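Below are the chains, spelled out letter by letter.
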Number of protein chains: 2
Amino acid sequence: MAAEAGGRGGRCVRLSAERARALLADVDTLLFDCDGVLWRGETAVPGAPEALTALRARGKRLGFITNNSSKTRAAYAEKLRRLGFGGPAGPGAGLEVFGTAYCTALYLRQRLAGAPAPKAYVLGSPALAAELEAVGVAAVGVGPEPLQGDSPAAWLSAPLEPDVRAVVVGFDPHFSYMKLTKAVRYLQQPGCLLVGTNMDNRLPLENGCFIAGPCAGRAGRAAGGPAGGRAGRPLRPLTGRPRPSPPAGTGCLVHAVEMAAQRRADIIGKPSRFIFDCVSQEYGIDPERTVMVGDRLDTDILLGVTCGLKTILTLTGVSSLGDVQSNQESDSASRKEMVPDFYVDSIADLLPALQD
Amino acid sequence: MAAEAGGRGGRCVRLSAERARALLADVDTLLFDCDGVLWRGETAVPGAPEALTALRARGKRLGFITNNSSKTRAAYAEKLRRLGFGGPAGPGAGLEVFGTAYCTALYLRQRLAGAPAPKAYVLGSPALAAELEAVGVAAVGVGPEPLQGDSPAAWLSAPLEPDVRAVVVGFDPHFSYMKLTKAVRYLQQPGCLLVGTNMDNRLPLENGCFIAGPCAGRAGRAAGGPAGGRAGRPLRPLTGRPRPSPPAGTGCLVHAVEMAAQRRADIIGKPSRFIFDCVSQEYGIDPERTVMVGDRLDTDILLGVTCGLKTILTLTGVSSLGDVQSNQESDSASRKEMVPDFYVDSIADLLPALQD
C-alpha cells in the first residue's frame, strides 16, 4: 500500500503501522520538531528514543528543527544524547541540529558577506551570540541594559557601537525599553538589517506545564502563533477561568521592535522557509523523500506543507485533532494549508513499522 | 459666506480669514491637540498663544486633547499657562485638559464600578498612577522591575499583588520582559481588563527634533500610527539615508502585551473615540458646533471625522499637505476619512479673523 497523501491538501489520516511502512519506504530523511514531539521539558516522550534509534538503524537521516534560540547546536545535541535520542558526539555533535540561533548566524553570514568585521546588536541569549561569533559576526548588547537618564534626549544620546550591521531579536529576558530604543537607533543606520529568530508568542512549555495545577499537553498554550497582534487574526477572548500559561515568547519582542522601527523583520524560524533552506543546503534534501514531524499546525505542519514535504502531526504537544478539523472546515485558504498528511498519538507509534 | 465643509469627505481648503470668520460664527467649542499644534517641546508656536487668548475673549470654550500619558491634568495646565495659553489656575486648573492618563482613570472608574478596593498593574508613569489613584484605583508596579531568577519557572513564581482588576499600559521607560510576564499573569485572572493609553508608535518630537542635524517639522516621524505591525499596513522600507527619529512610543509596548496575552487592549487615546466621549460627558458637546484642531491626520483628524466634528489641520507638526493628497487619492476608505475640512499653516492664521 502506498502512502496516501503528500503535499498540499493533506487529509490527516491516522498513520497505521501499514501506512507507516509504506511511507518510510518512500522517504530517506525525517525532520523533527523537539519540544512536544521528542520531549517535554527534561522528560522524553515514552517510546520516542526507541523510535529514533530504530529509524537510525534503518539508515534514515534525521534532522532536528527548533525555533528555540536559547541553545547552541552543541547544547541541543547534548540534550538529544542525554535523553536517549543518539546522534553524533565529538566534533560532529550538533550537525543534525537546526536551531534558530545557528540558522540566524548562517543568514547573517550570507547577508553580511563582504562587510569587514561586522557586528550585530543582539537582543537575545549568550547562545545566540555564540553562534553569531562562530561565523564571524561580533555580537554586542547581550545581557541587561540599564535605563540611562530620565528623558528621551538622554536615552537617545547613549553611545552606540560602530559597525553594527544588523539588529537580531531572539528570546531575551533582559528585553527593555532602553534596548528597544537602541535597536531603533541602529536600524536607522543605512543598510542595517532587522532579523527575528522566530515569531512564537509564547515560550515552549517546560515539563508540560509551569505552574502547579491541572496540566494537559495543551495547557495554557495560546492558539495564536506568528500572525498574532492587532491587525492579525482575532485574539482569544478572556475566559472566566484562570489557567496557567507559559511566559511571553520571542514574537512579542520582535513585534515591539518592528512597530518602533516601522519595518518588518526577516524571520528565520518556522514557519518561515529560511530554516528549511538551511537544512536543504547542508543535507541536499529531496522534498518528496522527506517528512516533517511536529506538534504545531501553525509552525511545523505549515512549514512542511509550504516546502512540499510529507507531514505528520503528533498529538503529544500543542495542536489537537480538533484544531485540524477547524482548519479543514475553515474558509481561510491559509488555515486549510495547516493540515497534515498523517497524525500519530505519539512518535512511538512509528515503532511497530520499524520492528518487523 | 458659510463654512464650506464639515463631517466626512472633507475637502481640505485653506482656512482664509473670511472662511475662519464664518466657521467661528458656527462653533462654540474648539478642541486642540498640543504637541505640534500649540508648541514643540518647550517652545510655543509663534502667534499660537495670542490666537487662543483671542478665542477665549470671544467666549469660545477650549479643550486640550493629548495622547501623552506622562503628565497629569494639573501638569498640563501648568505648561499651558507657562507658555502663555491661559486657562484656569487654582482648584479648577486642568479642567480643560483631556489627557490619556486622566481619561484612562475615568474609563477604569466606569469599568471597575462596584469592585471593592480595585488595583491596576500599571506599566506607565507616576502621573498615570496619580490619575488612577485620584479616582480610587490603586496603582501597583510603577518603576523598575528587576528580572527575578534565570528561568521561566522563576519568572512565573514572582509574587503578584491581590485584587488587581486591570493592566494599564502607558508610556513606560522601565518596560521590561519581567513586566511583560507579570502583565500576562494578571491578565489570566478572571475579568482582568487590558487598557492601553494610546497606540502611537513614536514619542512626540521634543523641541522639534531630538538629535543635532537638519530639523524640520516632520523630521524622523514615522508615518505609521496605530495600525502598525506585522499584519497591518506595509511598513516603511529602510532608506539609504540615516535620519534622527524619536524613540519608541506606547503603541509598541501595548502591542507586545497584546501579543503575549493574545488579547486586544481597550485603547483610550486618539483616534479611539473614548477620549472624545470623556470630553463630551464633561462639556456637553454638540459635535456640529465643535472643531478639532490637530497636526496628525491619523489621530487628530481621524478622531474629528469619526466623531462628526469640523476639522482643521495645522502644518506646524507631523502631517503635510502631501499626506492629505495621498489620502484623498487613496483607494482605501479608511485613508479617505483622514482628510480635514480645512488647513492652516499655523493656528496663528486664526488671528486675523479674531482681531477685527
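Every chain is numbered independently, its residues counted from 1 as its sequence is written. The order in which chains are written sets their letters, starting at A; the order in which ligands are written sets their numbers, starting at 1. Reporting of local features is limited, given that this is a predicted model, to residues whose pLDDT is at least 70; pairs of side-chain atoms are given and counted only at 80 or more, and all residues count toward the totals for whole chains, interfaces and linings. The basis for every side-chain value is the complete set of non-hydrogen atoms in the structure, without hydrogens or water.

A word on the overall build of chain A. Each helix and strand counted, chain A has 13 helices and 14 strands in total. We call a residue buried when its accessible area falls under 20% of the maximum for its residue type, exposed when it is over 50%, and partly exposed in between, using a 1.4 Å probe and counting protein chains only. The burial tally for chain A puts 60% of its 356 residues in the buried class. We call two residues in contact when some of their heavy atoms are within 4.5 Å. In chain A, the share of contacts with a sequence separation of at least 24, taken over all contacts with a separation of at least 6, comes to 74%. Where helices and strands are cited, they refer to DSSP runs of H or I of at least four residues and of E of at least two residues respectively, numbered from the N terminus.

Okay, the sheet that holds strand S11 (residues 266-267) of chain B next. All names here are of chain B. When DSSP locates at least two bridges between a pair of strands, those strands are taken to pair. Ordered in space as S8-S7-S9-S10-S11, the 5 strands form an open sheet in which the pairing is parallel. Bordering the open sheet on either side are strand S8 (138-140) and S11, each of which pairs with just one other strand. Taken together, the 3 bridges between strand S7 (residues 119-123) and S8 define a ladder with parallel strand orientation. Within the sheet, the bridge partner assigned to Lys119 lies in S8 and is Ala138. Here helix H8 (residues 250-261) sits on the sheet in contact with strand S9 (164-169), strand S10 (193-196) and S11, set at roughly 135° to S9. Axis definition: a line fit to C-alpha positions, over the contact stretch in the case of helices; interaxial angles, taken between N-to-C directions, run 0 to 180 degrees.

This next bit is on the packing of aromatic side chains. Two aromatic rings from Phe, Tyr or Trp, using only the six-membered ring of Trp, form a pair when their centres are within 6.5 Å; if the ring planes differ by under 30 degrees the pair is stacked, by over 60 it is edge-to-face, and anything between is tilted. Counted by the stated rule, this structure contains 20 aromatic pairs over all chains. Pairing Trp39 of chain A with Phe85 of chain A gives two aromatic rings, centres 6.1 Å apart and planes at 65°, and the pair type is edge-to-face. Of this pair, Trp39 of chain A sits in strand S3 (residues 39-40) while Phe85 of chain A sits in the loop between helix H3 (73-82) and strand S6 (97-99), and the two are 46 residues apart along the sequence. For Trp39 of chain A, a relative accessible area of 0% puts it in the buried group. By relative accessible area, Phe85 of chain A is classed as buried at 0%. An aromatic cluster is present here, built from Trp39, Tyr76 and Phe85 of chain A joined pairwise through their rings. Taking NZ or CZ as reference, Lys71 of chain B lies 5.5 Å from the ring centre of Tyr76 of chain B, over its face. Think of it as a cone above the ring: NZ of Lys or CZ of Arg counts as a charge over the ring if it is within 6 Å of the ring centre and within 35 degrees of the ring normal. The residue whose ring lies beneath Arg73 of chain B is Phe98 of chain B, and the NZ or CZ to ring-centre distance is 5.1 Å.

All names here are of chain A. UniProt positions are given in the numbering used here, feature names are shortened, and annotations may be inferred rather than shown by experiment. UniProt's feature table lists "binding site: substrate" (unreviewed entry) at Lys270, given in the numbering used throughout. Mapped onto the fold, Lys270 is located in the loop between strand S11 (266-267) and helix H9 (274-283). Excluding its chain neighbours within four sequence positions, the residues that come into contact with Lys270 are Asp33, Ile65, Thr66, Asn67, Ile275, Met292, Thr299, Asp300 and Leu303.

It is worth spelling out the pairing of strand S13 (residues 310-314) of chain A at this point. Residue and element names in this part refer to chain A. Counting buried positions over the 5 residues of S13 gives 5, a clear majority of the element. Here S13 shows a buried face lined by Lys310, Ile312 and Thr314 and a second buried face lined by Thr311 and Leu313. The pairing of strand S12 (residues 290-294) with S13 spans 4 bridges and is classified as parallel. Each residue of the ladder has a partner; that of Val291, found in S13, is Lys310. With the strands aimed away from the viewer, a crossover counts as right-handed if its path from the first strand over the helix to the second runs clockwise. Between the parallel elements S12 and S13, the chain passes through helix H10 (residues 297-306) in a crossover that is right-handed. In the sheet, S13 pairs with strand S14 (residues 342-344) via 3 bridges, with the strands oriented parallel. In the sheet register, Ile312 faces S14, and the bridge partner there is Phe342.

Our next topic: the pattern of salt bridges. Note on definitions: salt bridges are taken to be side-chain nitrogens of Lys or Arg within 4 Å of carboxyl oxygens of Asp or Glu. With the rule as written, the count across this model stands at 32 salt bridges over all chains. Note that Asp200 of chain A is salt-bridged to Arg296 of chain A, the shortest N-O span being 3.7 Å. You can see Asp200 of chain A sitting in the loop between strand S10 (193-196) and helix H8 (250-261) and its partner Arg296 of chain A sitting in the loop between S12 and H10, a full 96 residues away along the chain. Looking at Asp200 of chain A, the relative accessible area reads 11%, which means it is buried. Overall, Arg296 of chain A belongs to the buried group, its relative accessible area being 5%. Across the pair Asp266 of chain B and Arg111 of chain B runs a salt bridge, and its minimum N-O distance is 3.5 Å. Note that Asp266 of chain B is positioned in strand S11 and Arg111 of chain B in helix H4 (residues 100-111), a separation of 155 residues in sequence. Via salt bridges that share partners, Glu42, Glu78, Lys79 and Arg82 of chain A belong to a single interconnected network.

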